[in-house]
Amino acid sequence: AVHVTDFTSDRYQIFTGSDDYTCRLWDIPNAAELTTYQEHTDYIRCGVASKLNRDLFITGSYDHTLKVFDARADKSVMTMEHGQPVESLLLYPSEGLLVSAGGRYVKVWDLLKGGQPLVSLKNHHKTVTCLALSSNGQRLLSASLDRHVKVYNTTSYKVVHNFDYAAAILSLALAPDDESIVVGMTNSILSIKHRKHTEESMEIMSQQRRRPSYRVFVKGKNYVPKQDDYLVSKPVKEHLAKYDRQLKKFNVSKALDTALETWFRRRKPEITVAVMKELNRRGTLKNALAGRDEEQLSRLLHFVIGNVVDTRFAPILVTAAEMILDIYKSVIGQSVLIDRQLLRLQNLLETEINLERELLEVLGMLDTMFATSIARKEVPYSDIGRYNGLAQGEASSSRPELQVT
């Protein structure tokens, strides 16, 4: 079975690839076979012809290889190892870069450097079946059996968008000027998605904003609730702060960085300390403090120095200072700025300890003075109490008398 056909750039020849492991070059005017190449060892399922050179074409096979053929040579001029059965090939307009898809991988090859691998992308969960390139060459698309179409930025090769479909995808194409994306799926459905223009989307949004509410239709625009009316207000949706969202995602370092931003450090230091306290409760404060460069560590020490003497913050900040010294003790002496801040923290703590000692001495003196200034009062007690509830006469009469004989 022939799975690959494509015209050469002069439109007078066709190359084909089939399941008999061969690729052939045909001459259209003479209806004759020109060349046969038998270098692949498995099915040939994809290929692409050069648009700049009529003699060059590239094939991809299930034997995990890509081969570049020149019609003027008897064998392939370049071979690249994809590592997986190759399902799709794509040439950039400049034809300096080649993109191959097979298995879960999308790989980019530099043909000008002899087929050197440039990028290897693994963003799909199942086999990648087809590729497409935008008209301006800035977006690369890959479709897979995992029902997703990934859109990559061709500068950084990072995923910038993702389309989700109802079934596994077998084919993918882009309309001219990238106005539509067409996808063929295993459930016999052809999906066509059109791009919304910026002006249309803005007009729709403005119409939605201008749409009056149901209350305006029923009671008029200027209606005011009466005294006996029961006014039902809409529930106000509470949005989490940025550091709370990062804590929720367990991004402990980013949460601490957000809490150490200038606005929080100067105006809401209690928020920064609260984040540190929560991280310490989770047992991840040491992880959040580690791995910081000189600038980040300096900002952290600056906050500790400015607030460690505050009685509200002292317990958690002293713990944080101990962790900082434990983590970064091996780099002490390598930064003049950090060393200066550590000395300042040491002097601050020594001064605070001396003040607390003096305060304790003063408290001891005051306790002694208060104790001596209180007059002692004697508590009176009756004679009945002395003799266990008996009167004095009864007590004396009840005593036994001893007689000496």
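Residues numbered from 1 in each chain as written. Predicted model: local features only at pLDDT ≥ 70, side-chain atom pairs only at ≥ 80, totals over all residues. Heavy atoms only, no water.

The protein appears in an unreviewed UniProt entry as U3 small nucleolar RNA-associated protein 15 homolog from Xenoophorus captivus.

## Here we look at the packing of helix 6 (residues 269-282) against helix 8 (residues 294-307)
Helix-helix packing is characterised by the crossing angle of the two axes and by the distance between the axes. Two numbers describe how helix 6 lies on helix 8: the axes approach to 12 Å, and their chain directions differ by 110 degrees. Classified by the interaxial angle, the pair formed by helix 6 and helix 8 is roughly perpendicular. The handedness of the crossing between helix 6 and helix 8 comes out as left-handed. Residue-level contacts link P269, T272, V273 and M276 of helix 6 to L300, F303 and N307 of helix 8. Split into classes, the residues belonging to the contact of helix 6 with helix 8 amount to five nonpolar, two polar and no charged. (Axes fitted to C-alpha atoms, helices over the stretch in contact; angles between N-to-C directions. Helix = DSSP H or I, 4+ residues; strand = E, 2+ residues; numbered from the N terminus. Parallel < 35°, antiparallel > 145°, perpendicular 65-115°, else oblique. Left-handed = near helix turned anticlockwise from the far one by under 90°. Contact = heavy atoms within 4.5 Å. Nonpolar A, V, L, I, M, F, W, Y, C, P; charged D, E, K, R; others polar.)

## Section: helix 9 (residues 314-328)
In this model, helix 9 (15 residues) spans 21 Å end to end at C-alpha, consistent with the 21 Å of a helix rising 1.5 Å per residue. Buried within helix 9 we find A314, I316, L317, A320, A321, M323, I324 and Y328. In the core, the buried residues of helix 9 are packed alongside helix 6, helix 7 (285-289), helix 8 and helix 10 (336-373). (Expected span 1.5 Å × (residues − 1). Buried < 20%, exposed > 50% of the residue type's maximum accessible area, 1.4 Å probe, protein only.)

## Considering the confidence of the model for the protein
Chain-level statistics for the protein give a pLDDT mean of 85 and a share of 86% at 70 or above. Confidence drops under a pLDDT of 50 for residues 394-405, and excluding neighbours within four residues, the segment shows two contacts in the predicted structure. (pLDDT = per-residue confidence, 0-100.)

## A closer look at the packing of helix 6 against helix 9
Where helix 6 contacts helix 9, the axes come no closer than 10 Å and their chain directions differ by 65 degrees. In terms of orientation, helix 6 and helix 9 fall into the roughly perpendicular class. In the packing of helix 6 onto helix 9, the handedness of the crossing is left-handed. Here V273, M276, K277 and N280 of helix 6 lie close against helix 9, whose contacting residues are I316, L317, T319, A320 and M323. A breakdown of the residues in the contact of helix 6 with helix 9 according to their chemical character gives six nonpolar, two polar and one charged.

## Structural notes on the packing of aromatic side chains
The full count for this structure, using the stated rule, is eight aromatic pairs. Considering the side-chain rings of Y43 and Y62, the 6.3 Å spacing of their centres and the 50 degrees angle between planes classify their relative orientation as tilted. Of this pair, Y43 sits in the loop between strand 4 (32-37) and strand 5 (44-49) while Y62 is found in the loop between strand 6 (56-61) and strand 7 (65-70), placing the two residues 19 residues apart along the sequence. Here the aromatic cluster, defined as three or more aromatic residues joined through ring pairs, consists of F15, Y37, F57 and F69. (Phe/Tyr/Trp six-rings, centres within 6.5 Å; stacked < 30°, edge-to-face > 60°.)

## Observations regarding the nonpolar core
One finds L256, M276, L279, L285, L289, L317 and I324 to be the most contacted residues of the largest nonpolar core, which totals 34 residues. If you list the elements that add at least two residues to this core, you get helix 3 (242-248), helix 4 (252-259), helix 6, helix 7, helix 8, helix 9 and helix 10. In terms of residue count, helix 9 provides more of this core than any other element does, seven residues in total. What I324 contacts, discounting residues up to four positions off in sequence, is L289, L297, L300 and L301. (Core = buried A, V, L, I, M, F, W, Y, C linked by side-chain atoms within 4.5 Å.)

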